[in-house]
Amino acid sequence: MTVVLVTASCAKADRDGEQICFRVSADATKSIISGTDMPSTYTMYVSSKFTNLTDPGNSGNYFVARPFRENSGRWVSSPASIWPLGGKLNFLSVACEDGIDVTEDVSWSGGDCSRGLVVKLKDGSCLDSEILYAAAENRTSEDGGVSLQFRHTQSWLQFSVSTNAETVRIDSIKVMDVYTGGTLRIDNRNYTSAEWSFRGHRKSDRIVPGSKGLIPQSGTPAVCNMLVPQQDACDIDIYYSLKSNPSDDWSTAVGGVYHYEADATLWRYGEKNVFCIRFDFAEITMTSSVKEWGEETVDISIEHE
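Trainee: Help me out: how do you make sense of the overall build of the chain in this one?
Mentor: For the chain, the count of helices and strands is 1 helix and 22 strands. A fraction of 71% describes how many contacts in the chain between residues 6 or more apart in sequence connect residues 24 or more apart. Just so you have it, the chain exposes about 17,100 Å², and 45% of that area is on carbon and sulfur atoms.

Trainee: Could you clarify how one ought to interpret the sheet that holds strand β13 (residues 168-178) in this entry?
Mentor: Working definition: the strands of a sheet are paired by backbone hydrogen bonds and lie parallel or antiparallel to each other. Pairing is antiparallel in the open sheet, where 4 strands are placed in the order β16-β13-β19-β20. Each edge of the sheet is formed by a strand with only one pairing partner; in this case those strands are β16 (204-207) and β20 (254-260). Across this sheet, the average inter-strand angle for adjacent strands is 20°, counted without regard to direction. Summarising the sheet, β13 and strand β19 (residues 236-242) pair through 7 bridges and their orientation is antiparallel. Across the sheet, residue I170 finds its bridge partner in β19, namely Y240.

Trainee: Would you mind showing me how to read empty space enclosed by the protein here?
Mentor: To locate leftover empty space, one rolls a probe as large as a water molecule over the atoms. In this structure the tally under the stated criterion is 1 cavity of 30 Å³ or more. Empty space within the largest cavity amounts to approximately 50 Å³. Taken together, L121, S125, C126, Q154, T180, G181, W196, L227, V228 and P229 make up the lining of the largest cavity. The element best represented in the lining of the largest cavity is strand β17 (residues 222-229), accounting for 3 residues.

Trainee: Hey, could you run me through the sheet that holds β17 in this one?
Mentor: The mixed open sheet is built from 3 strands, whose spatial order is β17-β12-β22. Every interior strand has two partners, whereas the edge strands, β17 and β22 (272-279), have only one. Each neighbouring strand pair of the sheet contributes to a mean axis angle of 20°, computed without reference to strand direction. As judged from the 8 bridges shared by strand β12 (residues 154-163) and β22, these two strands associate in the parallel manner. Bridged to V161 within β22 is I277.

Trainee: I tried to follow the nonpolar core on my own but got confused; where do I start?
Mentor: Generally speaking, nonpolar side chains in soluble globular proteins are found buried as a group. Formed by 25 residues in total, the largest nonpolar core has its most connected members in F159, I170, I173, V175 and W267. Mapped onto this core, the elements with two or more residues apiece are β12, β13, β17, β19 and β22. The leading source of residues in this core is β13, at 5 residues. If we ignore the near neighbours within four places in the chain, the residues touching W267 are S155, L157, V175, V228, P229, Q230, Q231, D232, A233, C234, N273 and F275.

Trainee: What am I meant to see in the packing of aromatic side chains here?
Mentor: Inspection of the entire model under this criterion finds 10 aromatic pairs. Ring geometry for W196 and F198: centres 6.5 Å apart, planes at 5°, overall stacked. Summarising the burial analysis for this pair, W196 and F198 share the class buried. Summarising the aromatic geometry, the rings of Y260 and F275 are spaced 5.8 Å apart at their centres and angled 75° between planes, so their arrangement reads as edge-to-face. With Y260 in strand β20 and F275 in strand β22, this residue pair connects regions lying 15 residues apart in the sequence. Counting every residue linked through ring pairs, the aromatic cluster contains F50, Y62, F63 and F68.

Trainee: Help me understand the pairing of strand β11 (residues 146-152) in this model?
Mentor: Regular strands place side chains that alternate from one sheet face to the opposite one. What you see with β11 is a clean split: V146, L148, F150 and H152 sit on the buried side and S147, Q149 and R151 on the side with no burial. Pairing of strand β10 (residues 131-139) with β11, which is carried by 2 bridges, proceeds in the antiparallel orientation. Across the sheet, the residue bridging to L132 is H152, located in β11.

Trainee: Explain the environment of A165 here, please?
Mentor: Relative to the helices and strands, A165 resides in the loop between β12 and β13. On a C-alpha basis, the gap between A165 and P216 in space is 9.0 Å, while along the polypeptide they are 51 residues apart.

Trainee: How do you make sense of unusual backbone geometry when you look at a structure like this?
Mentor: With the exception of glycine, the majority of residues adopt a negative phi angle, and the majority of peptide bonds are in the trans configuration. The linkage connecting S78 with the following residue, P79, adopts the cis geometry, with an omega of 5°. The residue P79 is located in the loop between β5 (74-76) and β6 (81-82) in this model. Notably, N138 is not glycine yet its phi reads approximately 50°, a positive angle. Within the secondary structure, N138 sits in strand β10. Unlike most non-glycine residues, D177 shows phi in positive territory, near 50°. In this fold, D177 is placed in strand β13.

Trainee: How should I be thinking about the side chain of T163 in this particular structure?
Mentor: Summarising the element assignment, T163 is placed in strand β12. At 2.7 Å, the side chain of T163 forms a polar contact with the backbone oxygen of A165. There is a polar contact of 3.4 Å between the side chain of T163 and the backbone oxygen of F279. Not counting the four nearest positions on each side in its chain, T163 is found in contact with V168, P216, Q217, S218, G219, R278, F279 and F281.

About the cut-offs
- Once a new chain begins, its residue numbering starts again from 1 and follows that chain's sequence as written.
- Per-residue local features of the predicted model are confined to residues with pLDDT of at least 70, and side-chain atom pairs are confined, for both listing and counting, to 80 or more; whole-chain, interface and lining totals are unaffected and use all residues.
- Side-chain descriptors were evaluated using all non-hydrogen atoms of the structure, hydrogens and water having been removed beforehand.
- Elements are defined by DSSP. Helices are runs of H or I of four residues or more, strands are runs of E of two residues or more, and each kind is numbered from the N terminus.
- Note on definitions: a residue-residue contact is assigned when non-hydrogen atoms from the two residues lie within 4.5 Å.
- Computed by Shrake-Rupley with a 1.4 Å probe, the accessible areas treat only the displayed protein chains as cover when residues are assessed.
- DSSP-based pairing: two strands are paired if at least 2 bridges between them are found.
- Axis lines are fitted to C-alpha atoms, over the contacting stretch for helices. Their N-to-C directions set the angle, which ranges from 0 to 180 degrees.
- Every definition here rests on a 1 Å grid over the protein atoms only: cavities are sets of points where a 1.4 Å probe fits but cannot get out, pockets are open sets enclosed by protein on both sides within 12 Å along at least five of seven lines, and lining residues have some atom within 4 Å of a point.
- Grid points are joined across faces, edges and corners, and a volume is the space filled by probe spheres set on the points.
- The definition of a nonpolar core used throughout is a set of buried Ala, Val, Leu, Ile, Met, Phe, Trp, Tyr and Cys residues joined through side-chain atoms within 4.5 Å.
- For every residue, the accessible area obtained with a 1.4 Å probe (protein chains only) is divided by the maximum for its type, and the residue is called buried under 20%, exposed over 50%, and partly exposed between those limits.
- Stacked, edge-to-face and tilted are the three classes for Phe, Tyr and Trp ring pairs, Trp counted by its six-membered ring, which pair at centre distances within 6.5 Å; planes under 30 degrees apart are stacked, over 60 edge-to-face, the rest tilted.
- Any pair of N or O atoms that falls within 3.5 Å is considered a polar contact. Within protein, one atom must be able to donate a hydrogen and the other to accept it, and sequence-neighbouring residues count only if both atoms are side-chain atoms.

Here it is, written out as structure tokens:
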């Protein structure tokens, strides 16, 4: 599933030639990207391989894991990255939110850094933030810009909780026995693809971020989200509290748990899995009637001496 469209264009960098830069529309409010804009809180780490058309012996990696960050609507590196002359560049990029140190956690293919990379993600490190990847081939400054189409690498789990009575509170939503980290391999040899592996990682039960104390309003669903690597679908436990009347204090509520058993499906990267949880409460109503009088006769005999 493709999501983020980034266009690289060229701007003069003083006397040094044409600068490699990226133009995107920034949206800093999303950690999970639901549209086609790259948030300005993300950093694009870009590697490029130079093919020298006039002197093939001088071909090689042009730069590796260079960070490009948003600056006034453009994504630029510091110092500026300049287009080379007499050849073409292949690009491979991984993008993530600030706080994930890709320079330490990523290794790029040695002889040709544009052909692949490996990202090692600690367990629980990306439950609410994305890792994206993109590639472009045989580009020069004369092309008028480089278009990178970034793709998701995780599966988005969204939980939408609704109710017809304001008497329910979600205490937590727990995804059971789930991988929350792993080794992500991006392959850009024949075509660009992603693959997860979990050697050295353990499954665990994880509470969905934002699910504690979630109170849906009647007619307005309450929503929380979680990102996980691609893997088999997992069971889900929904812990909740119920009170008998909306005006009652939550201290009077009674707790419960609903267990959702996963079917034999795959939570694929690039796909959004929406779980619609609805609490339907029937109002307690009463009917009344008066039972007819029953008649029972007791004979009392008084004996006289």
